[in-house]
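Chain by chain, the residues:
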Amino acid sequence: MSVLLSEWSHLPAAMGEFFSDPVMILLLLGGLVYGYFIGVVPGLGTTMGMALCLGLIFKMPPNHGLALLIGVLVSSLAAGGITACLANIPGTAAAAATCLDGYPLTLQGKGREAVGYSYVSSIIGTVLAALFIFLVQPFVTTIALMFGDWEVFLFCVFGLVVCGSLTGSSPVRGWVAAIAGIMIACCGAESVQSVVRYNFGVPELLGGVDSTVVLIGLFGLSEVFYCLKSKKPLRIEGKACWPKVDLKTFVKNKWNILRSAMAGIWVGFIPGVGEVAACWFSYDIAKRASKHKEKFGKGAAEGVIAAETANNASTLGALIPALALGVPGSGSAALFLSALFMIGYRPGPTLLITSPGFLSNLVFLFIMGALAMLVVGFVLSRFSIGFLSIPRELLMPFIAVFCLVGAYGTTFTLFSVAVAVFFGVLGFVMKLYGYPIAPMVLGILVGDIMDLNLRRAVMQYADHPLGLFARPLGIAILALLAVVMFFEVRRARRKKREEPAGT
């Protein structure tokens, strides 16, 4: 408690330093503008955007470097949902769930509303998570330490089961897609013993498939192919103008926002899972709690708000174990951790002792970055909504080129372009036959984490493998997993029995 009170006492100093330092303000705003474009362009993403800044912050004073980095982090995450809503292409992997309802809203002529829901929810998630970090960071918690390799594996399985059941008309098809995604993620040399799997003699697949390239293919190119199939031209109603922020909708979703923020923080707190799983987890919770479940996947504002609130909150939640234990909860948190070492901070149990006031400064910068993003995002999103003024027939070729350039930019090889086209065709076929894409994406993104943690867990309990099933937290997750599968299968059977009666 004394540490918490000490950090509270440093807040006035952090505020005074920020407002009296024009350079820090400009760096924060510059990071927000730069991060916006990093988030909007598919194939770049938060991690790459932050990585490109490392060479700059190395020579900056600590607070200046921190301001720039936080600006990039906040803005890129908030902007990732913009193209997810407008073009069905998630700017970052964490915005994949936003496509489910954001893009249908755009097709209904509500692109302005979709963008407003997306970036305002991102800002709210950031602010709530920053305040939560300020309250819990000074205390050494034991929850994350309770998650061993076995529990992380089970949690990933739980996320896949949930994701498979929440998208599409059949949970079985969703689970099939998720398993296929896991198999794709296991392509290449595994990380424990370097055993080569599923590379089919192709040297470029030894390192596996790049998840960003896969996302571009499954979400971007598949949509282009699907539109080419349609003989009837599809026109999106709308014009280039300011985003629309409906405050009444956010008031109605106050519990959804709070629930999604806490879910995102919790998932981010678990090392190795990250914001990608958080958006699906929160989306599922919002769907189950909604009184209008049938609207999800068809343009529900609740879905966009839940996904975007959670993925931003999760990124900050991932900083909790990173700052307290030196164990990052996500890729962006890992890069943030590296940047802190570069500018002179030493994350770990003694961070708040050796660097008093650091937490106050960090949280205040996150909150100011989020509030400034209200203005920056509002202005820049006007140009993003310009997508709507372009006829669909003209827009799709540009999107295809955009996707291919983004795929090439991830590894600077033509092989990445070929992979993007392959997954574009695969996504097109999946849409034709009613297999949801979202579970496959999640399987690809967490498949490697599942594989690594399962192998570690089995190696730890090689002498008594049944000991894995005696871990209390693991038992709780297994029980929850069994309950979810039972109810989903029962729901699917009931729906199948009711179909003949309704036809």
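Residues numbered from 1 in each chain as written. Predicted model: local features only at pLDDT ≥ 70, side-chain atom pairs only at ≥ 80, totals over all residues. Heavy atoms only, no water.

**Thoughts on the overall build of the protein**
Item 1. Regarding its fold elements, the protein presents 23 helices and 2 strands.
Item 2. Put simply, the protein has 503 residues, and 55% of those count as buried.
Item 3. In the protein, once contacts between residues fewer than 6 apart in sequence are set aside, the share between residues at least 24 apart is 79%.
Item 4. For the protein, the accessible surface area stands at approximately 21500 Å², while carbon and sulfur atoms represent 70% of it. (Helix = DSSP H or I, 4+ residues; strand = E, 2+ residues; numbered from the N terminus. Buried < 20%, exposed > 50% of the residue type's maximum accessible area, 1.4 Å probe, protein only. Contact = heavy atoms within 4.5 Å. Areas by Shrake-Rupley, 256 points an atom, 1.4 Å probe, with all protein chains shown as cover.)

**What about the packing of aromatic side chains?**
Item 1. Applying the stated criterion across every chain, the model contains 11 aromatic pairs.
Item 2. Consider the rings of F19 and F364, whose centres lie 6.0 Å apart with planes at 75 degrees: the pair is edge-to-face. Linking F19 in helix α1 (residues 2-19) with F364 in helix α19 (residues 358-384), this pair joins segments that are 345 residues apart in sequence.
Item 3. When the ring of Y408 is compared with that of F412, the centres are 6.0 Å apart and the planes differ by 85 degrees; the resulting orientation is edge-to-face.
Item 4. Given a relative accessible area of 37%, Y408 falls into the partly exposed group.
Item 5. Since its relative accessible area comes to 59%, F412 is described here as exposed. (Phe/Tyr/Trp six-rings, centres within 6.5 Å; stacked < 30°, edge-to-face > 60°.)

**Observations regarding helix α21 (residues 414-432)**
Item 1. Taking 1.5 Å of rise per residue, the 19 residues of α21 would be expected to cover 27 Å, and the 27 Å separating its terminal C-alpha atoms lies within 8% of that figure.
Item 2. All of the buried residues in α21 are S416, V417, V419, A420, F423, G424, G427, F428 and M430.
Item 3. In the segment just after α21, G434 is the residue with positive phi, at about 80 degrees. (Expected span 1.5 Å × (residues − 1).)

**Looking at the nonpolar core**
Item 1. One finds L66, F336, L362 and F366 to be the most contacted residues of the largest nonpolar core, which totals 75 residues.
Item 2. Not counting residues within four places of it along the chain, the set of residues in contact with L66 comprises F336, L340, I343, F358, N361, L362 and L365.
Item 3. Among the nonpolar cores identified, the runner-up in size contains 62 residues, and V267, F281, A457 and Y461 belong to it. (Core = buried A, V, L, I, M, F, W, Y, C linked by side-chain atoms within 4.5 Å.)

**Concerning the side chain of N312**
Item 1. Residue placement: N312 occurs in helix α15 (residues 301-317).
Item 2. Of the residues examined, N312 reaches a relative accessible area of 1% and is grouped as buried.
Item 3. Reaching out from N312, the side chain makes a polar contact with the backbone oxygen of E308 at a distance of 2.9 Å.
Item 4. With residues near it in sequence (within four places) discarded, N312 still touches V74, L77, A78, S122 and T126. (Polar contact = N/O pair within 3.5 Å; in protein donor to acceptor, adjacent residues only side chain to side chain.)

**A look at the environment of W266**
Item 1. With respect to the helices and strands, W266 occurs in helix α13 (residues 254-269).
Item 2. Overall, W266 belongs to the partly exposed group, its relative accessible area being 31%.
Item 3. For the pair W266 and A313, spaced 47 residues apart in sequence, the C-alpha separation works out to 8.9 Å.

**Observations regarding α13**
Item 1. Across its 16 residues, α13 extends 23 Å between first and last C-alpha, which sits within 8% of the 22 Å expected from 1.5 Å per residue.
Item 2. Of the positions making up α13, those classed as buried are N256, I257, S260, A261, A263, G264, I265, V267, G268 and F269.

**A short note on the packing of helix α5 (residues 62-87) against helix α6 (residues 99-107)**
Item 1. For the pair α5 and α6, the least separation of the axes is 6 Å and the interaxial angle reads 50 degrees. Here α5 lies oblique to α6, going by the angle between them. In terms of crossing hand, the pair formed by α5 and α6 is right-handed. Contacts between α5 and α6 involve A84, C85, L86 and A87 from the former and C99, G102, Y103 and T106 from the latter.
Item 2. Looking at the contact of α5 with α6 residue by residue, the classes come out as 6 nonpolar, 2 polar and no charged. (Axes fitted to C-alpha atoms, helices over the stretch in contact; angles between N-to-C directions. Parallel < 35°, antiparallel > 145°, perpendicular 65-115°, else oblique. Left-handed = near helix turned anticlockwise from the far one by under 90°. Nonpolar A, V, L, I, M, F, W, Y, C, P; charged D, E, K, R; others polar.)

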